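# Understanding the architecture of this molecule
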Amino acid sequence: MTDTAFEPRRIVVTGGCGFIGSNFVHHVVREHPGVHVTVLDKLTYAGNPGNIAGLPADRVELVVGDICDEGLVDRLVADADAVVHYAAESHNDNSIADPSPFLETNVRGTYALIEACRRHDVRYHHVSTDEVYGDLPLDDPARFTEETPYRPSSPYSSTKAASDMLVRAWVRTFGLAATISNCSNNYGPYQHVEKFIPRQITNLIDGVRPRLYGDGRNVRDWIHTEDHSSAVWCILTRGRIGETYLIGADGERDNLAVLREILRAFGRPEDDFDWVRDRPGHDRRYAIDSSKLRRELGWEPRHTDFASGLAETIEWYRENEPWWRPAKEATEARYRAQGQ
Ligand SMILES: NC(=O)c1ccc[n+]([C@@H]2O[C@H](COP(=O)([O-])OP(=O)(O)OC[C@H]3O[C@@H](n4cnc5c(N)ncnc54)[C@H](O)[C@@H]3O)[C@@H](O)[C@H]2O)c1
C-alpha cells in the first residue's frame, strides 16, 4: 500500500453508460463527494444514458463520443487527473460473429487513452477481465493469480489481453502511471439482457423457457458489480503504480447452479429449461484468487450472499422493465440467428 492515497478530483470514466461503468459512476457519486465524473461513451447498443440519468448535473457530465477519437480523448484527458477505462466491446458471442469492432474499441481505443494519459501525465486505471487467463480444468482446485500466464480463448478475451499488454508496456517504456485490474463475472442492475443472468431473468418474466449452453457445468466466479466498483476505487487511489490486481469474491458456481437458483426464485421447477448447443471455445472454469488485493490494500467484498444478491437483481429487473424491454426483442433475434 502506498503511504499517501491519491485523491482524484476530476475523473474520466469511459464506458460509463454500460453495465459496470455506470455502476461505478453511481458508486463514486454516492461514496466520494467532491469528485467530478466525465463519462465518455459512444452509446453503442450496450450503452444506455438512462443508466446515469438522475445523477446530479454538477457531479456527472456525459460526453457522447468514441474512445478511438484521439482529438476528443486528448481534450478530455487534459482536463482530468485520472482516467478509469471501462469502455469495451464486451460480449463473447458477438466477438465470434464479428471480431472487428473488438479490435477497434478494445485495442485501438485503449491505445488512444494511454497515449493521452502519457502526454498529460494523468493517472490511468485499466479495467480488464479474468478471461485473459483462458480457463481452468473443472477437476483442479487451482485459481488464477497475478502470475498466471495469459492464454485467451475468444476474440473478446484476446483483444482485452492485447490491451492489458499495451498498458504494461506503456508503464515500462514510458513510465505511464497506470494500474490494471482483472475481475471475474459481474452481476447486478443495469446489465444488458444479452448476458447470461439478465437473459434468464427476463425470459422468465416473459414466460419463456430458459436455455442453457452445453452441459451447464461451466464454472464462473460471480461478484456483485458494487464490489467490483469498490475494488476499482481502492486500486485507483491506493494501488501501486505498474501493478495488476485480481478482483474476485469467492463466488464460484456452475451455470446450471445459477440457473436453478434463478428458477427457484421464480418458484419454478429446477429442470424447467432447455439445453442448447455449446458455443465454440466456451471456457470451462474461471476462478480468482484475490488475496493480493485483500492483503495489500485491505479490500473486502460486501455482497457475499449470492442468493440474496441474485434476488435483489431479479427484483431490479422486475421493477425496471422499461429499461430492458427495448433491447430484448433485438437481442433474442440475434441469438435465434446464431441458433441459440
Ligand atoms: N461483464 C463482466 O462480467 C466483466 C468482468 C470483468 C471485466 N469486465 C470489463 O469491464 C468493462 C465493462 O464491461 P461491461 O460488462 O459493463 O460492458 P458493457 O458492454 O455493458 O458496456 C460497454 C460500454 O462501453 C461503451 N463503448 C463501447 N465502445 C465504445 C467506444 N468505442 N467508445 C466509447 N464508448 C464505447 C458502450 O456504449 C457501453 O456503454 C469492459 O472493459 C469489460 O471487459 C467485464
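Everything discussed here concerns the structure shown above.
Residues numbered from 1 in each chain as written. Predicted model: local features only at pLDDT ≥ 70, side-chain atom pairs only at ≥ 80, totals over all residues. Heavy atoms only, no water.

## Let's talk about the overall build of the protein chain
A count of helices and strands for the protein chain gives 11 helices and 12 strands. For the protein chain, the spread of C-alpha atoms along the three principal axes comes to 55 × 45 × 35 Å. Taking all 340 residues of the protein chain together, 56% fall into the buried category. Across the protein chain, the fraction of contacts at a sequence separation of at least 24, relative to all contacts at a separation of at least 6, is 82%. Put simply, the protein chain shows about 13,800 Å² of open surface, and 50% of that area lies on carbon and sulfur atoms. In the protein chain, which carries 40 positive and 53 negative side-chain charges, the distance between the mean positions of the two groups comes to 1 Å. (Helix = DSSP H or I, 4+ residues; strand = E, 2+ residues; numbered from the N terminus. Buried < 20%, exposed > 50% of the residue type's maximum accessible area, 1.4 Å probe, protein only. Contact = heavy atoms within 4.5 Å. Areas by Shrake-Rupley, 256 points an atom, 1.4 Å probe, with all protein chains shown as cover. Lys, Arg positive; Asp, Glu negative; His and termini not counted. Charge placed at Lys NZ, Arg CZ, Asp CG, Glu CD.)

## Quick word on the nonpolar core
Core analysis: the biggest nonpolar cluster contains 31 residues, and Ile11, Phe24, Val25, Val37, Val60, Ile247 and Leu293 have the highest contact counts within it. Mapped onto this core, the elements with two or more residues apiece are strand 1 (10–14), helix 1 (19–31), strand 2 (36–41), strand 4 (82–85), helix 7 (225–238), strand 10 (244–247) and helix 9 (291–297). Broken down by element, the residue count for this core peaks at 6 residues, all from helix 7. Aside from chain neighbours lying at most four places away, what touches leucine 293 is Ala231, Ile235, Tyr245, Leu246, Ile247, Gly298 and Trp299. (Core = buried A, V, L, I, M, F, W, Y, C linked by side-chain atoms within 4.5 Å.)

## Brief notes about helix 4 (residues 100–120)
For the α-helix, the turn length of 3.6 residues means that residues three or four positions removed from each other point alike. Across its 21 residues, helix 4 extends 29 Å between first and last C-alpha, which sits within 8% of the 30 Å expected from 1.5 Å per residue. What helix 4 keeps buried is the set Phe102, Thr105, Asn106, Gly109, Thr110, Ala112, Leu113, Ile114, Glu115, Ala116 and Cys117. On its buried side, helix 4 packs onto strand 1, helix 2 (70–78), strand 4, helix 3 (92–97), strand 5 (123–129) and helix 5 (155–174). Downstream of helix 4 by one or two residues, aspartate 121 has phi in the positive range, about 55°. (Expected span 1.5 Å × (residues − 1).)

## Digging into the sheet that holds strand 6 (residues 178–183)
Within the open sheet, the 7 strands sit side by side as 3-2-1-4-5-6-10. Their pairing is parallel. Both edges of this open sheet fall to strand 3 (60–64) and strand 10, since each of them pairs with a single strand only. The mean angle between the axes of side-by-side strands here comes to 20°, regardless of whether they run parallel or antiparallel. The pairing of strand 4 with strand 5 spans 4 bridges and is classified as parallel. Along strand 5, the bridge assignment pairs valine 84 with histidine 125. (Pairing = 2+ DSSP bridges. Axes fitted to C-alpha atoms, helices over the stretch in contact; angles between N-to-C directions.)

## Considerations on the packing of helix 6 (residues 196–205) against helix 8 (residues 255–265)
Helix 8 packs onto helix 6 with a crossing angle of 35° between their chain directions and a minimal axis gap of 10 Å. Like other packed secondary-structure pairs, helix 6 and helix 8 cross with a definite hand, here right-handed. Taking contact as the criterion, the partners of Phe196, Ile197, Gln200, Ile201 and Leu204 in helix 6 are, on helix 8, Asn255, Val258, Leu259, Ile262 and Leu263. Within the contact of helix 6 with helix 8, the residues separate by chemical class into 8 nonpolar, 2 polar and no charged. (Left-handed = near helix turned anticlockwise from the far one by under 90°. Nonpolar A, V, L, I, M, F, W, Y, C, P; charged D, E, K, R; others polar.)

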